[in-house]
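Okay, here's what each chain looks like letter by letter:
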Amino acid sequence: MTGLTIMVYVLAVILIVAALFAVKQKDLILAVVGTSAVSVILSIYYYVLQAPDVALTEAAIGVALSTIIFVIAIKKTERYEK
């Protein structure tokens, strides 16, 4: 097994944990943090797959812009899910 293969498996486990974290949270801000973590890991995956343009787009849109929009929407509503 090469180092790249091990890294892909480790990232897959972290991706699944972050996705489950985002889904199970009752605090919506923490759910947004989990969603941002998923986007960061996917961005790393795209870079490993030699698609740096897609990785940069995922980082810019998935992490930055989506997180900002979600946080603004949560600030205008209730933070905790019932």
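This text goes with the structure placed above it.
Residues numbered from 1 in each chain as written. Predicted model: local features only at pLDDT ≥ 70, side-chain atom pairs only at ≥ 80, totals over all residues. Heavy atoms only, no water.

Visitor: Please explain the overall build of the protein chain as it appears in this structure.
Guide: For the protein chain, the helix and strand inventory stands at 3 helices and 0 strands. Tracing the protein chain from N to C terminus, the helices and strands come up as α-α-α. Each principal axis of the C-alpha atoms in the protein chain carries an extent, and together these give about 45 × 25 × 10 Å. Out of the 82 residues belonging to the protein chain, those deemed buried represent 23%. At a minimum sequence separation of 6, the contacts of the protein chain that also span at least 24 residues come to 57%. When the accessible surface of the protein chain is split by element, carbon and sulfur atoms take 74% of a total near 5800 Å². Separation of charge centres in the protein chain, based on 6 positive and 5 negative side chains, amounts to 10 Å. (Helix = DSSP H or I, 4+ residues; strand = E, 2+ residues; numbered from the N terminus. Buried < 20%, exposed > 50% of the residue type's maximum accessible area, 1.4 Å probe, protein only. Contact = heavy atoms within 4.5 Å. Areas by Shrake-Rupley, 256 points an atom, 1.4 Å probe, with all protein chains shown as cover. Lys, Arg positive; Asp, Glu negative; His and termini not counted. Charge placed at Lys NZ, Arg CZ, Asp CG, Glu CD.)

Visitor: Before we go on, may I ask you to explain unusual backbone geometry in this structure?
Guide: One can expect most non-glycine residues to show negative phi and most peptide bonds to be in trans. Positive phi outside glycine occurs at Gln50, with the angle close to 65 degrees. You can see Gln50 is positioned in the loop between helix H2 (28-48) and helix H3 (52-76).

Visitor: What's the story with helix H1 (residues 3-24) in this structure? I'm lost.
Guide: For H1, which comprises 22 residues, the first-to-last C-alpha distance of 32 Å matches the rise-based estimate of 32 Å (1.5 Å per residue) to within 8%. Every buried residue of H1 is accounted for by Leu11, Leu15, Ala18 and Ala22. Along the axis of H1, the buried positions cluster into a sector of 75 degrees, meaning they face one direction only. Looking at H1, the residues exposed on the side facing more than 90 degrees away from the buried face are Tyr9, Val13, Ile16, Val17, Val23 and Lys24. Those residues of H1 hidden inside the fold are in contact with H2. (Expected span 1.5 Å × (residues − 1). Arc of directions from axis to C-beta.)

Fair warning: the whole summary comes from geometry, so function is off the table for now.
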